[in-house]
Amino acid sequence: MSDDETIAVYNARVNDYAKILGDDVPSADLLAFMDAVAPGGHVLDLGCGPGNSAAMMQNAGFQVTATDASEEMVRFARDTYGINAKLALFDDISGTDIYDGIWANFSLLHAPKADMPRHLAALRDALKPGGMFHIGTKLGDDVARDKIGRFYSYYQEDELIGLLSDAGFVPRTRRKGEEPGLDGTVAPFIIVLSDG
């Protein structure tokens, strides 16, 4: 993510966002991801936000690399959870066969649609053979800004599955739901867990 307005919102609302994510009990989606990744494996938390998921994965014995485009999110993750989070954009992710799992939970939806194939290809390269890839995104069409100024690319289920398949991922499970976000709007979403 390199959208300055979106990053500014996250910088300004880091405490609000941390409260929305709730306590430090792993969600069913995080548990499913951790169960699928090799025990003690190296995990990339791409767009780690305040760091609670990275902390839960680290506490479960995984080696975690956490990145975010928001300086305040990185600071919060370090100060609150002791996570060695790093400031990085999606384009900063490179390398081959590094991670046993990649957790991209509602982060890549801030990238322009035209960039998504490139980002997914880089993530697929960075994932070890047999690694696991988790992605969460909002359902819909086109692109838009929400009520508080964050940029979103929305995807329909078939569109997202096609992008994942084109990048070399093999979708394993998918789950749809809806919940309120930082802007207070209840929005539909999809979560897909894929084999690399």
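Parameters at a glance
- Residues numbered from 1 in each chain as written.
- Predicted model: local features only at pLDDT ≥ 70, side-chain atom pairs only at ≥ 80, totals over all residues.
- Heavy atoms only, no water.
- Helix = DSSP H or I, 4+ residues; strand = E, 2+ residues; numbered from the N terminus.
- Rg over C-alpha atoms; globule rule 2.2 N^0.38 Å.
- Buried < 20%, exposed > 50% of the residue type's maximum accessible area, 1.4 Å probe, protein only.
- Contact = heavy atoms within 4.5 Å.
- Areas by Shrake-Rupley, 256 points an atom, 1.4 Å probe, with all protein chains shown as cover.
- Axes fitted to C-alpha atoms, helices over the stretch in contact; angles between N-to-C directions.
- Parallel < 35°, antiparallel > 145°, perpendicular 65-115°, else oblique.
- Left-handed = near helix turned anticlockwise from the far one by under 90°.
- Pairing = 2+ DSSP bridges.
- Polar contact = N/O pair within 3.5 Å; in protein donor to acceptor, adjacent residues only side chain to side chain.

Participant: Is there a simple way to think about the overall build of the protein in this case?
Facilitator: Tallying secondary structure elements over the protein gives seven helices and nine strands in all. Computed over C-alpha atoms, the radius of gyration of the protein comes to 15 Å, within 12% of the 16 Å expected from 2.2 N^0.38 for 196 residues, which places it in the range of a compact globule. Counting all 196 residues of the protein, 51% fall into the buried class. The contacts of the protein with a sequence gap of at least 6 include a subset with a gap of at least 24, amounting to 64%. Accessible area for the protein stands at about 8700 Å²; split by element, carbon and sulfur atoms hold 48% of it.

Participant: Could you clarify how one ought to interpret the packing of helix 2 (residues 14–21) against helix 5 (residues 71–81) in this entry?
Facilitator: Put simply, helix 2 and helix 5 touch, their axes get as near as 10 Å, and they point 55° apart. Considered as vectors, helix 2 and helix 5 are oriented oblique to each other. In the packing of helix 2 onto helix 5, the handedness of the crossing is right-handed. Touching Val-14, Asn-15, Tyr-17 and Ala-18 of helix 2 are Glu-72, Met-73, Arg-75 and Phe-76, all from helix 5.

Participant: Teacher, can you tell me more about the sheet that holds strand 9 (residues 186–195) here?
Facilitator: Within a sheet, adjacent strands bond to each other through the backbone by hydrogen bonds, running parallel or antiparallel. Ordered by their spatial adjacency, seven strands build an open sheet running 3-2-1-4-5-9-8, and the pairing between neighbours is mixed. Looking at which strands have only one partner, the edges of the open sheet turn out to be strand 3 (86–87) and strand 8 (170–180). In the sheet, strand 8 pairs with strand 9 via ten bridges, with the strands oriented antiparallel. Each residue of the ladder has a partner; that of Glu-179, found in strand 9, is Ala-187.

Participant: What should I look at first to understand the packing of helix 3 (residues 28–36) against helix 4 (residues 52–59) in this one?
Facilitator: What describes two packed helices is the angle between their axes and the distance between those same axes. Across the interface, helix 3 lies against helix 4 with an axial gap of 11 Å and an inter-helix angle of 40°. In terms of orientation, helix 3 and helix 4 fall into the oblique class. Between helix 3 and helix 4 lies a crossing of right-handed hand. Between helix 3, through Leu-30, Phe-33 and Met-34, and helix 4, the contact on the second element is made entirely by Ser-53, Met-56 and Met-57.

Participant: What exactly am I supposed to notice about the environment of Asp-91 here?
Facilitator: When you line up the elements, Asp-91 lands in the loop between strand 3 and strand 4 (99–105). Measuring from C-alpha to C-alpha, the distance between Asp-91 and Ala-69 comes to 11 Å, with 22 residues separating the pair along the chain. Setting aside chain neighbours within four positions, we find Asp-91 in contact with Arg-118 and His-119. At 2.9 Å, the side chain of Asp-91 and the side chain of Arg-118 are in polar contact.

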